[in-house]
There are 2 protein chains.
Amino acid sequence: MTMQPVLIAGEWRTSISSGSFQAENPATQEKLAAQFPVSTWADCEAALAAAATAAEELQKLPAERIAEFLEAFAKRIEARKDDFVKIANQESALPVAPRLADAEFPRTTNQLRQAAAAARDGSWTQPTIDAAANIRSVLAPIGPVLVFGPNNFPFAFNSAAGGDFAAAIAAGNPVIAKANTSHPGTTQLFAEEALAALKETNLPLATVQLIYRTSHADGEKLVADHRVGAIGYTGSRNAGLKLKAAADAVGKPFYAELSSVNPVVILPGAIAEKSADIAGQFTSSCLMGVGQFCTNPGLIVLLANPNTEAFISEITTKFGAAPVGTLLSSSVASSLTKAVTTLQSAGAKLLVGGTAGGGKGYSHANTLLRVDGSHFVKNATALQTEAFGNASLLVVCADLAEAANVLRQLEGNLTGCIYSSKIVSDDAAYAQLAPILRQKVGRLLDDKMPTGVAVSPAMNHGGPFPATGHPGFTAVGIPASLRRFAALHCYDGVRDNRLPASLQNKNPSGKLWRQINNSWSQADVLPLPQ
Amino acid sequence: MTMQPVLIAGEWRTSISSGSFQAENPATQEKLAAQFPVSTWADCEAALAAAATAAEELQKLPAERIAEFLEAFAKRIEARKDDFVKIANQESALPVAPRLADAEFPRTTNQLRQAAAAARDGSWTQPTIDAAANIRSVLAPIGPVLVFGPNNFPFAFNSAAGGDFAAAIAAGNPVIAKANTSHPGTTQLFAEEALAALKETNLPLATVQLIYRTSHADGEKLVADHRVGAIGYTGSRNAGLKLKAAADAVGKPFYAELSSVNPVVILPGAIAEKSADIAGQFTSSCLMGVGQFCTNPGLIVLLANPNTEAFISEITTKFGAAPVGTLLSSSVASSLTKAVTTLQSAGAKLLVGGTAGGGKGYSHANTLLRVDGSHFVKNATALQTEAFGNASLLVVCADLAEAANVLRQLEGNLTGCIYSSKIVSDDAAYAQLAPILRQKVGRLLDDKMPTGVAVSPAMNHGGPFPATGHPGFTAVGIPASLRRFAALHCYDGVRDNRLPASLQNKNPSGKLWRQINNSWSQADVLPLPQ
């Protein structure tokens with residue numbers, strides 16, 4: 001079997017590799033045929049050099065050209081949808097339908113088109129003009145972006161087609177994609193179509209490059225390279241923190257999405273009002289995609305009372321009865337087993353599940369654990385261990401004060417939900433708990449589960465550490481996600497004809513939103529009174 | 001002499017200290033009388049606990065209340081202007097007039113009032129509303145902010161009154177100020193007036209706290225504490241990088257301003273056109289404040305020709321003839337001597353100056369060094385050593401290609417300037433060099449020197465590492481500087497009456513700028529069609 005090539009500087013080249021790996025079909029536990037290379041530094045160096053040149057070239061092109069590429073890419077992907085769905089299913093065991101074909105695939109092309117529209121419009125760059133002082137600033141491309149995609153979204157967060165990719169490209173930067181080891185073949189297909197789309201739209205061919213894997217040392221060297229502008233990383237906390245430290249040491253923005261248990265508080269009134277409904281929502285949210293979502297509801301905060309006990313019985317039954325899905329990989333399965341053991345060692349009691357296996361291929365029984373709030377507070381670090389997969393911990397609190405203490409102990413999370421009654425009043429409890437939860441999460445939800453991350457301009461898929469590395473940015477939601485991959489460029493006394501079009505007196509499109517003298521406007525800058 | 005107290009939780013308390021220090025008058029080299037404490041962790045712990053409580057209380061207050069505090073504080077400072085100017089002059093040796101009394105002092109109160117106006121207006125929070133999905137997001141206070149102020153602006157960047165302080169407070173966060181060791185007395189005065197203003201406006205008294213110094217280990221523990229939201233640091237690169245690493249490891253945004261040589265390119269046409277004018281501007285900019293500005297022009301890129309030699313002669317004469325000022329401290333003086341030695345060891349030749357002394361107190365001769373572009377490229381790291389003070393390195397390039405290579409070797413800087421002719425055309429050279437310089441700096445200037453950082457909404461006092469730790473943010477310019485001290489808070493399906501006022505359907509002031517369904521607007525959110 002020949003080794004698959006890497007995509008560097010517009011060519012599918014033989015990798016200068018130090019080894020190889022194969023993806024595995026998690027449902028059959030059999031290795032897939034294709035051999036992918038572990039790149040040495042020689043590949044990284046070549047990709048960095050080409051990316052630096054591409055970055056300079058991209059800066060000279062109007063954003064319209066980037067929009068055309070993103071749209072051509074989306075169209076090309078759609079033409080090969082069956083191929084994408086087939087290989088992603090083989091590599092991830094995620095169901096063909098509805099998950100891959102009907103949900104994640106159209107989400108991915110939709111993201112690419114939204115990113116194209118944002119690039120074309122340009123308002124995401126927030127041009128800011130102080131006409132009297134002739135000082136003007138705008139968000140501009142930050143430089144080559146490294147994208148490390150996660151295992152759980154072979155399409156929508158793929159390093160060569162997903163959210164970070166779309167945002168980085170739309171912001172005007174070339175991308176060096178580092179494939180997730182669990183779906184190299186899917187990533188390769190995306191890169192093939194990206195290269196074809198680059199040729200079709202006549203963009204610098206090194207705008208999209210692909211390597212599959214490096215040594216840990218080369219990974220750390222890569223993120224800290226002087227030619228890199230920023231990094232988008234979604235993946236394991238341990239690996240992410242090492243890369244983050246390397247990038248931070250030289251001031252490279254490292255947008256990391258690392259870990260989140262996504263607390264859900266269910267107040268007594270809500271349980272009294274619609275216990276069965278919430279039990280169904282929770283079971284569905286927690287087991288959907290075999291629980292392998294960043295926003296999986298992993299920590300449920302309840303208040304002790306008979307209704308709560310009935311609710312717990314109901315969800316325990318549902319978890320036991322639900323089919324057991326296939327996990328994404330052997331390492332996801334072993335990490336889940338380990339996390340469930342850690343939670344038990346920390347004092348959580350098993351309600352249902354808790355054992356490996358039970359489904360096709362790599363799998364783990366649908367699992368619920370339970371612990372008292374007082375105990376959680378005493379052992380909060382271990383009891384916040386993320387059990388990535390189809391498992392969740394219920395924290396039953398004696399009273400509101402204890403629930404407040406539980407929330408105070410939380411690390412940063414992507415989301416926090418509060419279910420409250422619309423009939424029986426939970427308002428006082430909400431008023432007490434919401435301000436505490438608010439500080440711990442990026443997105444606060446009323447009366448719904450956290451899975452389902454709309455690609456909305458107002459979305460925040462982010463949050464305080466360790467959910468992410470900086471609580472001011474979102475990885476989902478266009479155009480906001482583009483701002484991660486931008487540097488602030490100020491022009492002080494620069495002649496009008498030398499300014500970027502977005503900062504010249506004339507509004508280049510008549511539609512660009514600019515902040516002129518502290519008001520947002522689509523108008524031209526008026527000549528100053530003489 | 002009794003030890004000065006620290007300000008913790010609204011009280012001037014005896015520090016639980018591990019030692020003491022005194023400030024020094026740099027002009028007389030005599031220690032000032034007041035003894036200031038080196039705090040132990042006990043002080044830090046008390047300040048953190050109080051700050052966390054204050055942060056929760058501040059969240060509940062309307063921004064109007066914060067604006068009132070900032071304005072009351074500005075007014076109180078003005079009433080004691082003479083005291084401030086006197087002690088700052090003693091501690092820094094900066095001239096009473098025009099520097100302290102006529103420039104820096106009014107700038108400081110102006111910043112506080114601009115920050116108050118930004119807090120009151122609220123548009124800096126960029127409320128974003130997706131009405132159809134009922135997803136809404138807004139920038140919200142990030143939590144207690146630690147401010148480490150620099151030595152070179154006892155007022156305008158003071159940790160208890162300067163730019164970072166004003167931005168952090170206006171964004172709704174309490175501040176723990178860590179005084180700069182060179183001006184503890186000035187900082188103490190600010191904290192006294194801040195406490196009085198907090199009492200006057202009935203804000204949580206721990207909104208402003210002050211410690212003077214800690215051990216290095218406690219400093220690293222402090223920035224990484226779970227109760228801290230973010231850090232603003234301006235100071236030495238070595239100390240800053242250690243603190244940054246500690247903060248980064250736990251995902252605390254660390255806004256650092258570390259080092260910048262602020263390249264200035266002077267193109268041949270500009271020298272031909274107005275050599276004497278530029279020589280005057282450069283000399284004044286480089287020697288102003290004894291060169292102790294973050295934006296001091298420390299690296300001048302010139303193209304070899306007879307006019308350039310005449311220009312170099314002229315500025316060499318000017319540097320030799322200009323009075324030698326007093327530096328801020330013994331450590332500034334010794335660092336400057338060391339940096340000039342480093343530059344010489346790296347191949348730079350001394351044109352004038354180069355020796356310690358020559359002025360009153362701590363001082364160093366006005367210094368110019370020179371190196372060829374080809375040599376710079378070969379030894380670019382050492383030749384970018386920041387010589388903080390009244391010194392600058394001239395890099396004389398054989399041709400444009402060599403100048404381009406010099407610029408490519410630069411680290412990140414706050415500013416980059418290009419002087420070009422308006423008569424003789426330098427346009428081709430500008431077009432070649434500006435795109436390279438653009439990527440290396442936060443602010444690009446045409447035809448002027450980089451000192452002078454207007455407090456403009458379009459300012460960027462920031463730039464790529466090591467100028468700062470993240471190229472997307474500015475430390476100067478309101479309201480942009482507030483965004484550093486904010487977290488993105490998304491509300492997904494949250495009931496209208498539970499939303500912050502800025503996200504409710506009704507525009508709370510009728511003047512708040514919000515991004516509603518992708519357009520900026522001051523209107524209410526219209527009811528959705530049923």
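For the structure, see preceding data.
Everything quoted here is computed from the prediction, not taken from an experiment. (Residues numbered from 1 in each chain as written. Chains lettered and ligands numbered in written order. Predicted model: local features only at pLDDT ≥ 70, side-chain atom pairs only at ≥ 80, totals over all residues. Heavy atoms only, no water.)

(A) Layout of the overall build of chain A. For chain A, the helix and strand inventory stands at 15 helices and 23 strands. Here chain A has a C-alpha radius of gyration of 24 Å; the compact-globule value for 530 residues is 24 Å, and the two agree. Taken along the three principal axes of its C-alpha coordinates, chain A extends 75 × 70 × 40 Å. Out of the 530 residues belonging to chain A, those deemed buried represent 62%. Contacts in chain A between residues at least 24 apart in sequence constitute 73% of all its contacts with a sequence separation of at least 6. Each charge class in chain A can be summarised by its mean position, and for the 43 positive and 43 negative side chains these summaries are 2 Å apart. (Helix = DSSP H or I, 4+ residues; strand = E, 2+ residues; numbered from the N terminus. Rg over C-alpha atoms; globule rule 2.2 N^0.38 Å. Buried < 20%, exposed > 50% of the residue type's maximum accessible area, 1.4 Å probe, protein only. Contact = heavy atoms within 4.5 Å. Lys, Arg positive; Asp, Glu negative; His and termini not counted. Charge placed at Lys NZ, Arg CZ, Asp CG, Glu CD.)

(B) Seen up close, the sheet that holds strand β14 (residues 263–266) of chain B. Spatial strand order, β23(A)-β22(A)-β7(A)-β8(A)-β21(A)-β20(B)-β19(B)-β14(B)-β15(B)-β18(B)-β17(B)-β16(B): twelve strands in an open sheet with mixed pairing. Every other strand in the sheet has two partners, leaving β23 (519–521) of chain A together with β16 (349–352) of chain B as the edge strands with one partner each. Averaged over all pairs of adjacent strands, the angle between their axes in this sheet comes to 25°, without regard to strand direction. Pairing between β14(B) and strand β19 (residues 413–419) of chain B: three bridges, direction parallel. Each bridged residue has a counterpart across the sheet, and for B:Val264 the counterpart in β19(B) is B:Cys417. Lying on the sheet, helix α9 (residues 268–287) of chain B is in contact with β14, β15 (299–303), β17 (367–372), β18 (391–397) and β19 of chain B; it crosses β14(B) at an angle near 150°. Lying over the sheet, helix α11 (residues 330–345) of chain B contacts β16, β17 and β18 of chain B, oriented at roughly 25° with respect to β17(B). (Pairing = 2+ DSSP bridges. Axes fitted to C-alpha atoms, helices over the stretch in contact; angles between N-to-C directions.)

(C) Geometry of the pairing of strand β8 (residues 135–141) of chain B. Residues and elements named next belong to chain B. Taking burial as the measure, the seven residues of β8 include six buried ones, the bulk of the element. Pairing geometry for strand β7 (residues 128–130) and β8, over three bridges, is antiparallel. What sits directly across from Thr 128, in β8, is Ser 137. Hairpin connection, β7 to β8: the antiparallel pair is bridged by four residues, and Asn 134 has positive phi, about 50°.

(D) Spatial organisation of helix α15 (residues 427–438) of chain B. Its twelve residues give α15(B) an end-to-end C-alpha distance of 16 Å, which sits within 8% of 16 Å, the value for a rise of 1.5 Å per residue. Taken residue by residue, α15(B) has B:Ala429, B:Tyr430, B:Leu433, B:Ala434, B:Ile436, B:Leu437 and B:Arg438 as its buried positions. Of the surrounding secondary structure, the elements contacted by the buried residues of α15(B) are β21 (486–492) of chain A together with β14, α14 (400–408), β19 and β20 (441–446) of chain B. (Expected span 1.5 Å × (residues − 1).)

(E) View of the interface of chain B and chain A. Each partner contributes to the interface: chain B provides 66 residues, whereas chain A provides 66 residues. Here chain B and chain A share an interface that buries about 5,500 Å² over both sides, 49% of which is from carbon and sulfur atoms. On the surface where chain B and chain A come into contact, there are twelve salt bridges. Here A:Asp492 ties to B:Arg443 by a salt bridge, and the two come within 2.5 Å at their closest N and O atoms. Scanning the region where chain B abuts chain A turns up 45 residue pairs in polar contact (both at pLDDT 80 or more). Going through the elements one at a time, α1 (41–59), β7, β8, α8 (237–248), α15, β20, β21 (486–492) and β23 (519–521) of chain B are the ones with two or more residues in the side of chain B that touches chain A. Considering every element that reaches the side of chain B that touches chain A, the biggest residue donor is β21(B), with seven residues. Its residues assigned to classes, the side of chain B that touches chain A shows 30 nonpolar, 19 polar and 17 charged. Relative to β20(B), β21(A) runs parallel, the two sharing three bridges. Within β20(B), the residue paired with A:Tyr491 across the bridge is B:Leu444. (Buried area = accessible area lost by both parts, 1.4 Å probe. Salt bridge = Lys/Arg side-chain N within 4 Å of Asp/Glu carboxyl O. Polar contact = N/O pair within 3.5 Å; in protein donor to acceptor, adjacent residues only side chain to side chain. Nonpolar A, V, L, I, M, F, W, Y, C, P; charged D, E, K, R; others polar.)

(F) Representation of the nonpolar core. Counting 296 residues, the largest nonpolar core has A:Phe69, A:Phe73, B:Phe69, B:Phe73, B:Phe376 and B:Leu393 as its most contacted members. Setting aside its immediate chain neighbours within four residues, A:Phe69 contacts A:Phe165, A:Ile169, A:Ala194, A:Ala197, A:Leu198, A:Thr201, A:Leu203 and A:Val208. (Core = buried A, V, L, I, M, F, W, Y, C linked by side-chain atoms within 4.5 Å.)

(G) How the structure looks around the side chain of B:Arg514. Residue and element names in this part refer to chain B. Note on placement: Arg 514 falls in strand β22 (residues 514–516). There is no salt bridge for the buried Arg 514, and the closest opposite charge comes from Asp 524, which lies 4.9 Å off by N-O distance. Engagement of the side chain of Arg 514 in a polar contact is seen with the backbone oxygen of Gln 504, the distance being 2.7 Å.

(H) Main features of the pairing of strand β13 (residues 254–257) of chain B. Every second residue of β13(B) is oriented toward a common face, with B:Phe254 and B:Ala256 on one face and B:Tyr255 and B:Glu257 on the other, all of them buried. Taking the sense of rotation as the criterion, the β-α-β connection linking strand β12 (residues 230–234) of chain B, α8(B) and β13(B) turns out right-handed. (Right-handed = clockwise from strand over helix to strand, strands pointing away.)

(I) Here's a closer look at the packing of helix α2 (residues 63–79) of chain A against helix α4 (residues 96–121) of chain A. All names here are of chain A. Viewed as axis vectors pointing N to C, α2 and α4 meet at an angle of 165°, and their least axial separation amounts to 7 Å. Considering their axes alone, α2 and α4 lie roughly antiparallel with respect to each other. Between α2 and α4 the crossing geometry is left-handed. Two secondary-structure elements touch here, α2 through Ala 63, Glu 64, Ile 66, Ala 67, Glu 68, Leu 70, Glu 71, Phe 73, Ala 74, Lys 75, Ile 77 and Glu 78 and α4 through Phe 105, Thr 109, Leu 112, Arg 113, Ala 115, Ala 116, Ala 119 and Arg 120. (Parallel < 35°, antiparallel > 145°, perpendicular 65-115°, else oblique. Left-handed = near helix turned anticlockwise from the far one by under 90°.)

(J) Geometry of the side chain of A:Asp43. Residues and elements named next belong to chain A. Tracing the backbone through its elements, the reader meets Asp 43 in helix α1 (residues 41–59). One buried charge, Asp 43, has no salt-bridge partner; the nearest side chain with opposite charge is Arg 13, at 6.6 Å. Only 2.6 Å separates the side chain of Asp 43 from the side chain of Ser 15, close enough to count as a polar contact. In contact with Asp 43, not counting residues within four places along its chain, are Val 6, Ile 8, Ser 15 and Ile 16.

(K) Structural view of the packing of aromatic side chains. A full pass over the atoms with the stated rule returns 34 aromatic pairs over all chains. Aromatic side chains A:Tyr255 and A:Phe485 sit 5.7 Å apart centroid to centroid with 85° between the ring planes, which places their arrangement in the edge-to-face category. Taken as a pair, A:Tyr255 in strand β13 (residues 254–257) and A:Phe485 in the loop between β20 (441–446) and β21 lie far apart in primary sequence, 230 residues in all. In this pair, the class of A:Tyr255 matches that of A:Phe485, namely buried. Taking 5.6 Å as the distance between ring centres and 45° as the angle between the ring planes, the aromatic pair formed by B:Phe153 and B:Phe293 counts as tilted. In this pair, B:Phe153 sits in the loop between β9 (145–148) and α5 (163–170) while B:Phe293 sits in the loop between α9 and β15, placing the two residues 140 residues apart along the sequence. Note on accessibility: B:Phe153 and B:Phe293 belong to one class, buried. (Phe/Tyr/Trp six-rings, centres within 6.5 Å; stacked < 30°, edge-to-face > 60°.)

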